[in-house]
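# Coordinate analysis (summary)
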Amino acid sequence: MTKRTHFKSTLLSTSLLALSLSLSACNSAENSADTAQNAAETAKDIASKTGPVEMAGSAPAQNTERTAGYSATRNAYFGETHVHTKNSFDAYIFNVRTTPDDVYRFAKGETVMHPSGYEIKLGGKPLDFAATTDHGAYMGVLPAMDTKGHPLNGLEMSKAMFSQDPEAIVKAFGKIGGSVRSGVPFPEIYDRELIDRTWQSAVDAANRHYEPGKLTTFSGYEYTAVSERESSGATFAGGNLHRNVFFENKAPARLFSTLDSINPEDLWTWMDGQRAAGLDSISVPHNSNVSDGDMFKMTSYGGSKLTPAQTEQRIRNEPLVEISQVKGTSETHPSLSPNDEYANFEIYEKLLSTYISSKVTGSYVREALANGFELERQTGTNPYKFGVISASDSHVAGGAFDEQDYWSKVGVVDGTAERRGSVPPKGAKSWEGLKTDQNAEEWFTRWGASGLAGVWAEENTRESIFAAMRRKETFATSGPRIQVRFFAGYDFDDSLLNAGDIVTQAYATGVPMGGDLQRSETSPKFLVWAMRDPRNAPLDRVQIVKVWHDGAPQERVFDVACSDGRIPDPKTRRCTDNGASVDLSDCSISTEAGDPELRTLWQDPEFESAQSAAYYVRVLENPTCRWSTWDAIKAGVDSNPDLEPTLKERAWTSPIWYDAQP
């Protein structure tokens, strides 16, 4: 008999939810176009006036002493770089009342209260690093509008926003959403001093909770740009062009939001200005999967041909991309990768606020990595030469990374199993004959319990972790704390796999993830070393994904190490199934299949010295129950038949690039 084990285990209107999730536009398309042109001019003015001269608060002195745990061969650190609190307008309207302090308390392993009235706590060990990233636009404004005695509280817009009339609430909140999208500040509530003070308090919280060697905190915020696509009449679908911006150590007194410019290129110009005066920052695009093809376009924001200066500016400011989070995985799409049987992982396709599917081309990381080579050929710089991380995008101060302990994303609207569509409504035990809520069907059930950012850094400090992000020695997971090393070199030999100083040798004679290999007539060797999360399932396989551009994006997936002694078939480049299974009655998993770690040295059998390519690793666990199945089991009801009952958790590394240029 197969052995099994259990691994550790006031709702507002639907219309308002749509507005909050999408930042729905109240302005016309023509007005938005005019605004974009004006905002571009404004951005240059702000970049020069705001400058980095005045800084928010006093950051801790730069760390000059080694902390406990320092390692020259670098440690794996896990963290969260995308979390919202009550200071985000969309979180506050859904009853979120947590603060930046709560984000860091959660990261330390403390308990935080969910707006639905129950406690949430991080599974496993505390995180190593974290950043609060509230929306920069109108940061802190909604709490002020809801505070008696505050000047904003007496406004008619505030009275409508916090009234008992759903239509009035929707209308008032829609003004904010439309303003964020169009970039035109709504005069009544655009209190710049309040926004600056709220930003200052977020910076202070990050500095207050920074404990070198224990918890690294970064000052950060979200730049919430949204593209528009007219669908019908006055309805607009939104493409996600959001970015999270966080600073290495010191932060400016004033942030740059979409109320300064809706053009991400202007954000980068502002970041360049800050960096010139010593305030380095990184911008991380997220949810490219629902960007409607705009996140990884082959043109500039305005549609013109990209220039060398523009491609250089983008990769300078955006060396990383968020590959997975609660609103789906952005690695690739089945239609882009029809020969990748694992491409259909937590796919979420709906544009913000609508049931309209995002355009696929231009929205996924793997395709962008390939297209980057073509842009490099045209401009001399690859703007898509980025590393990867994951995050949660939680709006309740803490991410639900574990499938068996899931609380979704937004707040009261998806904080229970029934509201998010994993348990039948109104106490029913089965789904037969039931009509499901469309928001749950189209949105909430498609969201995932993801994800964590991983870095390889010498120590747990701002300087060391930020440097790892800059050099792209980063990896991403869908939630588990899978560790994975990835190196490439021309001088690796088979003895390296069993060497006691394997990592030291790999650094000395090769390059790690995020690195570059110069042209050679000899095929490089790739060293992969993946280690399971002890709290999760054993590992099934390790794959290397190769991408290049040859008139169009090209890709190939290779199984390079598989559990239980399986060897990849030389023709298919795949291993057979290892037989791991899940008992859907209680989510217990089989224990005979899978390995605690997988290690291999691999060469590309199709290597061409004249072809530039990027290689990254994908690690797959044995199957386990998805969060929706766990919800149903806990409630003692049938699982939602429209949802996949299991999934294969995974990790991705940043690529290593082979440069064929002479």
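Residues numbered from 1 in each chain as written. Predicted model: local features only at pLDDT ≥ 70, side-chain atom pairs only at ≥ 80, totals over all residues. Heavy atoms only, no water.

### Describing the overall build of the chain
Of the regular secondary structure elements, the chain holds 15 helices and 29 strands. A compact globule built from 662 residues would reach a C-alpha radius of gyration of about 26 Å, and the chain, at 24 Å, matches this within 12%. The dimensions of the chain, computed from C-alpha atoms along their principal axes, are 75 × 60 × 50 Å. Put simply, the chain has 662 residues, and 62% of those count as buried. For the chain, the exposed surface amounts to about 24200 Å²; the carbon and sulfur share of it is 49%. Across the chain, the 67 positively charged side chains and the 89 negatively charged ones have centroids separated by 1 Å. (Helix = DSSP H or I, 4+ residues; strand = E, 2+ residues; numbered from the N terminus. Rg over C-alpha atoms; globule rule 2.2 N^0.38 Å. Buried < 20%, exposed > 50% of the residue type's maximum accessible area, 1.4 Å probe, protein only. Areas by Shrake-Rupley, 256 points an atom, 1.4 Å probe, with all protein chains shown as cover. Lys, Arg positive; Asp, Glu negative; His and termini not counted. Charge placed at Lys NZ, Arg CZ, Asp CG, Glu CD.)

### Let's talk about the confidence of the model for the chain
Model confidence for the chain is summarised by a mean pLDDT of 91, while 91% of its residues fall at 70 or above. Below pLDDT 50 for its whole length, residues 1–15 participates in 39 contacts with residues either more than four positions away or in separate chains. Note that pLDDT drops below 50 for residues 232–236; the model gives that stretch 11 contacts with residues more than four away or on any other chain. (pLDDT = per-residue confidence, 0-100. Contact = heavy atoms within 4.5 Å.)

### Points about the packing of aromatic side chains
Under the definition given, this model contains 29 aromatic pairs. With a centroid separation of 6.4 Å and an interplanar angle of 50°, the aromatic rings of Phe218 and Phe466 are classed as tilted. Taken as a pair, Phe218 in strand S6 (residues 216–223) and Phe466 in helix H13 (residues 462–470) lie far apart in primary sequence, 248 residues in all. Per residue, the accessibility class of Phe218 equals that of Phe466, and both read buried. Taking the centre distance of 5.5 Å and the plane angle of 40° together, the rings of Phe296 and Phe386 count as tilted. Placement of Phe296 in the loop between strand S10 (281–285) and helix H10 (308–317) and of Phe386 in the loop between helix H11 (365–379) and strand S13 (387–390) is noted, with a sequence separation of 90 residues between them. Under the relative-accessibility criterion, Phe296 is labelled buried at 3%. For Phe386, a relative accessible area of 3% corresponds to the buried category. A network of ring pairs unites the aromatic residues Trp199, Tyr221, Tyr223, Phe247, Phe256 and Trp270 as a single cluster. A cation over an aromatic ring shows up here: Lys546 above the ring of Trp548, its NZ or CZ 5.0 Å from the ring centre. The ring centre of Trp529 lies 4.1 Å from the NZ or CZ of Arg599, which sits over that ring. (Phe/Tyr/Trp six-rings, centres within 6.5 Å; stacked < 30°, edge-to-face > 60°. Lys NZ or Arg CZ within 6 Å of the ring centre and 35° of its normal.)

### Considerations on the nonpolar core
Trp199 and Tyr221 are the most contacted members of the largest nonpolar core, which has 131 residues in total. For this core, the leading source of residues is helix H8 (residues 192–209), giving 7 residues. Once you skip the residues sitting within four places of it in the chain, Trp199 turns out to touch Ala56, Met139, Ser219, Gly220, Tyr221, Phe247, Ala251, Pro252, Ala253, Arg254 and Leu255. If you look at the next biggest cluster of nonpolar residues, it comprises 16 residues, including Ala131, Ala457, Phe466 and Ala468. (Core = buried A, V, L, I, M, F, W, Y, C linked by side-chain atoms within 4.5 Å.)

### Observations regarding helix H4 (residues 100–107)
For H4, the buried fraction is high: 6 of the 8 residues fall into the buried class. For H4, the set of buried residues is Pro100, Asp102, Val103, Tyr104, Phe106 and Ala107. Among the structural elements, strand S3 (112–113), strand S4 (119–120), strand S5 (129–132), H8 and S6 are those in contact with the buried residues of H4. Phi turns positive, to about 100°, at Gly109, one or two residues after H4.

### Some thoughts on the sheet that holds S13
Ordered by their spatial adjacency, 3 strands build an open sheet running S12-S11-S13, and the pairing between neighbours is mixed. The two strands at the open ends of the sheet, each matched to only one other strand, are strand S12 (328–329) and S13. (Pairing = 2+ DSSP bridges.)

### Observations regarding the pattern of salt bridges
One pass over the full model with this rule turns up 39 salt bridges. When salt bridges that share partners are traced, they join Asp272, Arg275, Asp280, Arg316 and Arg470 into one network. (Salt bridge = Lys/Arg side-chain N within 4 Å of Asp/Glu carboxyl O.)

### Considerations on the side chain of Glu473
Secondary-structure assignment places Glu473 in the loop between H13 and strand S15 (474–477). Judged by its relative accessible area of 2%, Glu473 falls in the buried class. Within the structure, Glu473 has its side chain in polar contact with the side chain of Arg74 (distance 2.7 Å). When residues no more than four places from it in sequence are discounted, the contact partners of Glu473 are Arg74, Val455, Trp456, Ala468, Arg485, Tyr507, Pro512 and Met513. (Polar contact = N/O pair within 3.5 Å; in protein donor to acceptor, adjacent residues only side chain to side chain.)

### Re the state of the cysteines
The tally for this structure, following the rule as stated, stands at 2 disulfides. In this model Cys562 forms its disulfide with Cys575; the gap between the sulfur atoms is 2.1 Å. Judged by the sign of its S-S torsion, about 95°, the bond between Cys562 and Cys575 is right-handed. With Cys562 in strand S21 (residues 553–562) and Cys575 in the loop between S21 and strand S22 (582–583), this pair connects stretches of sequence that are 13 residues apart. Residue Cys562 is classed as buried on the basis of its relative accessible area of 8%. Judged by its relative accessible area of 9%, Cys575 falls in the buried class. The disulfide partner of Cys587 is Cys625, and the S-S distance across this bridge is 2.1 Å. Handedness here is read from the sign of the S-S torsion; for Cys587 and Cys625, about -100°, the answer is left-handed. (Disulfide = S-S within 2.5 Å.)

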